[in-house]
Amino acid sequence: MSNLLLQPTPPLTHSFTTFSSASTLQSPLRFSLSLLSRPLPLSLSPLRAFDSSSDAKTQRELKEDGDDENRSVGIADEDYPSGEFDFEPITGWRSFLVKLKMLVAFPWERVRKGSVLTMKLRGQISDQVKSRFSPGLSLPQICENFLKAAYDPRISGIYLHIESLNCGWGKVEEIRRHILNFKKSGKFVLAYIPLCQEKEYYLACACEEIYAPPGAYFSLFGLTVQASFLRGILDNIGIEPQVERIGKYKSAGDQLARRTISEENCEMLTALLDNIYTNWLDKISSAKGKTKEDIEKFINEGVYQVDKLKEEGLISNIIYDDEINAMLKERLGVKSDKDLPMVDYRKYSRVRKWTVGISGGNDHIAIIRASGSISRVESQLSVSSSGIIAEKFIEKIRTVRESKKFKAAIIRIDSPGGDALASDLMWREIRLLAASKPVVASMSDVAASGGYYMAMGADAIVAESLTLTGSIGVVTGKFNLGKLYEKIGFSKEIISRGRYAELLAAEQRPFRPDEAELFAKSAQHAYKQFRDKAALSRSMTVEKMEEVAQGRVWTGNDAASRGLVDAIGGLSRAIAIAKMKANIPQVKQVTLVEISRPSPSLPELLLGIGSSLVGADRTVKELLQCLTFSDGVQARMDGIMFQALEDYPFGNPILSIIKDYLSSL
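This is a predicted model, so every value here is computed, not measured.

Participant: Honestly, the nonpolar core in this entry has me stumped. Any pointers?
Facilitator: Leu160, Tyr201, Phe218 and Trp280 are the most contacted members of the largest nonpolar core, which totals 66 residues. Top contributing element to this core by residue count: helix α3 (residues 139-151), with seven residues.

So, in structure tokens, the structure goes:
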């Protein structure tokens, strides 16, 4: 049973400050249970991360940008080009050239005629382009494989193995769109689903045929939302969280300060869940030619038998993988004693689009990817592919801005946020880039808090219908560890100068009244800076922005109806909008340039080998990265993630670490 899980996650210091509301697994709420760690050298000045010494100048620039003809705010979704895929077969002279290119292609690009492309879609799916040495799946390469296979005369069809997916609905929607686009080529695409829940079935329903083995695990039981709270645990061990929340939907601090869900948080999560559930029913009923009521009635019956799904027409047949191979041999005219020609995802990813006749044009559009947690500088535990490092991202932005060959740029965001100062610095660079050429933000699973902050700098924002976005709000606080210190026999004395010098340093006592007042005022100021800059960026009044801010997370559809997002769609639509803004005809091909495609580094190679040897999950690597963070405010969503109910006890590594740690005290 799929879940919308509110997940708390800890760091290594005793204080925390976040701009947040909801997220995926890569979006930890940063707080700590480290007892003897060095206090953060953190004053309240970082709370002005959304302010600057030239605030008046910034507001003036934003107002001027709001009048720019390239600004997207106020343009209706239907007025943008759709970016819909139109398949045009390669014929005549172009077909001859393709065959010639295949003859001179590199050995690793050779594919047997009549081959079936096989892709195993399971586990983590990254939004980043991966090197050949990197483990796991890459959304850009999955989508590119579908595109190449549609035009490749050597590919007869696609055979998808779909199992438990550990990604958000935004990526699932993007893959589903490419399956539907591939079908326009007239080639077959079928799915094999030995383990299937709502997300996997949603993807499989885009295929022409769905097969499952007799012992397949099907659990189409509906969606749930869960919220986890640590206040009881903290009270038991003598830790008092002192939380200041700004915005009635701000829920990140609730995980620490409350024992039960608030009415506002329940309202927000229920709305998100209803959107996802309604979309699922709509797409499944349409794909299977049934009514929404029929599908809902079926899942409410609690059916788990595979044969029942076949009876209801929800799958094509019940057969094993080897029987599917035999069926494909017969379909493709391959003799039974011969092997079915197949090419897998990883090998086919090496085939260049040029080889199959998909050529770009003379106009170049840069794609700059921003995935993961946001940090200002690279930490000691970072690897080249982990998170968004602001200083490196800014280098990429400046490279595109200074280059004359790029007509436009797309910022592809898959981030729950992170360091607020880093978000602000990147926002500024994106604004400067947008002043020289069109910039479009394309949202993946999540682009909220710091992720949404980055998107605000673009000329237009495109999101998937179920992208999690918004989260314009702030929560800040610290831990009072006095009772815990008393229990374990630890004591601490502080000598200070300055009335508020001990504000964050004195974790052995609660705030004094004057400190609490200053803390609250600082948080309120930080929220206003965030909200006001969002209002100016989206050409809204502050009052209008306040209605959609207050820490609330929206799906892409709801965000679009409220002016936070301009258009609904994937990367292809973002490209179409970029072409429109750059005055490039929609029928004209463009060359997409991935800025700083990854090269295999030694740490990355070792991490890949380590994953194979000890089964280390990417989640653990992300956790290690999140447990070390730079000083300052966090513009981050709290822990909402989607996962299966059966995996819940094992799917929350952060909570497990907390429990293990506390049990050792």
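Participant: Help me understand the UniProt feature "active site" (unreviewed entry) in the chain in this model?
Facilitator: Those residues carrying the UniProt feature "active site" (unreviewed entry) are Lys250 and Ser449 in this numbering. These annotated residues cover 200 residues of sequence, and their C-alpha atoms all fall within 11.4 Å of one another, placing them together at a single site. Among the structural elements, Lys250 can be located in the loop between β11 (240-246) and α7 (254-257). Residue placement: Ser449 occurs in the loop between β19 (439-448) and α15 (450-455).

Participant: It is not clear to me how the pairing of strand β17 (residues 406-415) should be interpreted in this structure. Could you clarify?
Facilitator: Within a regular strand, the side chains alternate between the two sheet faces. Where burial is concerned, most of β17 is hidden: nine out of the ten residues are buried. Where strand β14 (residues 363-371) lies against β17, eight bridges are found, and the strand directions are parallel. Counted as the bridge partner of Ser371 is Asp414 from β17. Direction of pairing for β17 relative to β19: parallel, over a ladder of six bridges. Each bridged residue has a counterpart across the sheet, and for Ile411 the counterpart in β19 is Ala441.

Participant: Where do I start with the packing of aromatic side chains in this structure?
Facilitator: Aromatic ring pairs are defined here through the distance separating the ring centres and the angle between the ring planes. Taken as a whole, this structure holds ten aromatic pairs when the rule is applied. Ring geometry for Phe85 and Tyr151: centres 6.3 Å apart, planes at 80°, overall edge-to-face. On the criterion of sequence distance, the pair formed by Phe85 in the loop between α1 (55-66) and α2 (92-103) and Tyr151 in helix α3 is long-range, its members being 66 residues apart. Take Tyr151: its relative accessible area is 16%, and that puts it in the buried class. When the ring of Phe511 is compared with that of Phe519, the centres are 4.7 Å apart and the planes differ by 40°; the resulting orientation is tilted. Accessibility assignment for this pair places Phe511 and Phe519 in one class, buried. Among the aromatic residues, those joined into a cluster by ring pairs are Phe85, Phe87 and Tyr151.

Participant: Which parts of the structure should I look at to understand a nonpolar patch on the surface?
Facilitator: Together, Trp93, Phe96, Leu100, Leu103, Val104 and Trp354 line one region of the surface with nonpolar side chains, adding up to about 700 Å² of accessible area. The class of Trp93 is exposed, set by a relative accessible area of 60%.

Participant: Which parts of the structure should I look at to understand the confidence of the model for the chain?
Facilitator: One rule of thumb: low pLDDT means the predicted coordinates there are not for detailed reading. Looking at the chain, pLDDT values average 79 and 77% of them are 70 or higher. Throughout residues 1-73 the model reports pLDDT below 50, and contacts reaching past four residues in sequence, or to other chains, amount to 292 contacts. In this model residues 640-665 is a low-confidence stretch, pLDDT under 50, and it forms 69 contacts with partners more than four residues away in sequence or in other chains.

Participant: Where do I start with helix α13 (residues 390-402) in this structure?
Facilitator: Residue pairs three or four apart in sequence face the same way in an α-helix, which turns once every 3.6 residues. Along its 13 residues, α13 runs 18 Å from first to last C-alpha, staying within 8% of the 18 Å computed at 1.5 Å per residue. Along α13, the positions that sit buried rather than exposed are Ala390, Phe393, Ile394, Ile397 and Val400. Here the buried residues of α13 occupy an arc of 120° about the axis, which is enough to place them on one side. Opposite the packed face of α13, turned more than 90 degrees from it, sit the exposed residues Glu395 and Glu402. Summarising the contacts, the buried residues of α13 are in contact with β14, β15 (374-375), β16 (388-389), β17, α14 (420-436) and α15.

Participant: Looking at this model, I keep getting lost on the state of the cysteines. Mind explaining?
Facilitator: Simply put, disulfide is the name for a covalent bond between the sulfur atoms of two cysteines. Here the structure, examined in full by the defined rule, presents zero disulfides. Just so you know, Cys205 is unpaired, no disulfide at all, and the nearest cysteine sulfur is the one on Cys196, 8.0 Å from it. Judged by its relative accessible area of 6%, Cys205 is buried. Lacking any disulfide linkage, Cys207 is separated from the closest cysteine sulfur, that of Cys205, by 8.7 Å.

Participant: Could you clarify how one ought to interpret the pattern of salt bridges in this entry?
Facilitator: Working definition: two side chains of opposite charge can pair if their charged atoms are close together. A complete count under the given rule lists 38 salt bridges for this structure. Residues Asp235 and Arg231 are paired through a salt bridge, measuring 2.9 Å at the closest nitrogen-oxygen approach. Of this pair, Asp235 and Arg231 both sit in helix α6 (residues 231-237), four residues apart, which is roughly one turn of the helix. In this structure, Glu547 and Lys544 form a salt bridge, with 3.9 Å as the shortest nitrogen-oxygen distance. Here the residue Glu547 and the residue Lys544 both occupy positions in helix α18 (residues 542-548), the gap between them amounting to three residues, near one helical turn.

Participant: How should helix α9 (residues 292-300) be read in this particular structure?
Facilitator: Among all positions of α9, only Ile295, Phe298 and Ile299 are buried. Axial view of α9: buried residues confined to an arc of 95°, hence all on one face. Projecting away from the buried face of α9 at angles above 90 degrees are the exposed residues Glu293, Lys297 and Asn300. One or two steps after α9, the chain reaches Gly302, where phi turns positive at roughly 70°.

Participant: Which parts of the structure should I look at to understand the environment of Lys248?
Facilitator: Within the secondary structure layout, Lys248 lies in the loop between β11 and α7. With 302 residues separating them along the chain, Lys248 and Gln550 place their C-alpha atoms 5.8 Å apart. In contact with Lys248, other than residues within four places in its own chain, are Glu264 and Gln550.

Participant: It is not clear to me how the packing of helix α8 (residues 263-288) against α9 should be interpreted in this structure. Could you clarify?
Facilitator: The axes of two packed helices give the description: the angle between them and the distance between them. Orientation of α8 relative to α9, taken along the N-to-C sense of each, is 110°, at an axis distance of 9 Å. Judged on the interaxial angle alone, α9 and α8 are roughly perpendicular. The chirality of how α8 crosses α9 is right-handed. Residues Tyr277, Thr278, Trp280, Leu281, Asp282, Ile284 and Ser285 of α8 touch α9, and the partners they reach there are Lys292, Ile295, Glu296 and Ile299. Looking at the contact of α8 with α9, its residues break down into six nonpolar, two polar and three charged.

Participant: For this particular structure, what's the right way to read the pairing of β14?
Facilitator: With eight of nine residues buried, β14 is to be regarded as a mostly interior element. Strand direction decides the pairing type here: β14 and strand β25 (residues 590-594), joined by five bridges, are parallel. Bridge assignment links Ile367 to a residue of β25, and that residue is Glu594.

Participant: Whenever I open this one, the packing of helix α4 (residues 169-183) against α8 confuses me. Can you help?
Facilitator: Where α4 meets α8, the closest approach of the two axes is 13 Å, and the angle between their N-to-C directions is 20°. When the axis of α4 is compared with that of α8, the two are roughly parallel. Read as a crossing pair, α4 and α8 show a hand that is left-handed. In this structure, α4 uses Trp169, Glu173 and Arg176 to contact α8, whose residues at the interface are Ile276, Asn279, Trp280 and Lys283. Split by residue class, the contact of α4 with α8 holds three nonpolar, one polar and three charged.

Calculation rules
- Residues numbered from 1 in each chain as written.
- Predicted model: local features only at pLDDT ≥ 70, side-chain atom pairs only at ≥ 80, totals over all residues.
- Heavy atoms only, no water.
- Core = buried A, V, L, I, M, F, W, Y, C linked by side-chain atoms within 4.5 Å.
- Buried < 20%, exposed > 50% of the residue type's maximum accessible area, 1.4 Å probe, protein only.
- Helix = DSSP H or I, 4+ residues; strand = E, 2+ residues; numbered from the N terminus.
- UniProt positions renumbered as here; feature names shortened; annotations may be inferred.
- Pairing = 2+ DSSP bridges.
- Phe/Tyr/Trp six-rings, centres within 6.5 Å; stacked < 30°, edge-to-face > 60°.
- Patch = residues over 30% accessible without salt bridge, like charges linked within 9 Å, V, L, I, M, F, W, Y side chains within 5 Å.
- Areas by Shrake-Rupley, 256 points an atom, 1.4 Å probe, with all protein chains shown as cover.
- Salt bridge = Lys/Arg side-chain N within 4 Å of Asp/Glu carboxyl O.
- pLDDT = per-residue confidence, 0-100.
- Contact = heavy atoms within 4.5 Å.
- Expected span 1.5 Å × (residues − 1).
- Arc of directions from axis to C-beta.
- Disulfide = S-S within 2.5 Å.
- Axes fitted to C-alpha atoms, helices over the stretch in contact; angles between N-to-C directions.
- Parallel < 35°, antiparallel > 145°, perpendicular 65-115°, else oblique.
- Left-handed = near helix turned anticlockwise from the far one by under 90°.
- Nonpolar A, V, L, I, M, F, W, Y, C, P; charged D, E, K, R; others polar.

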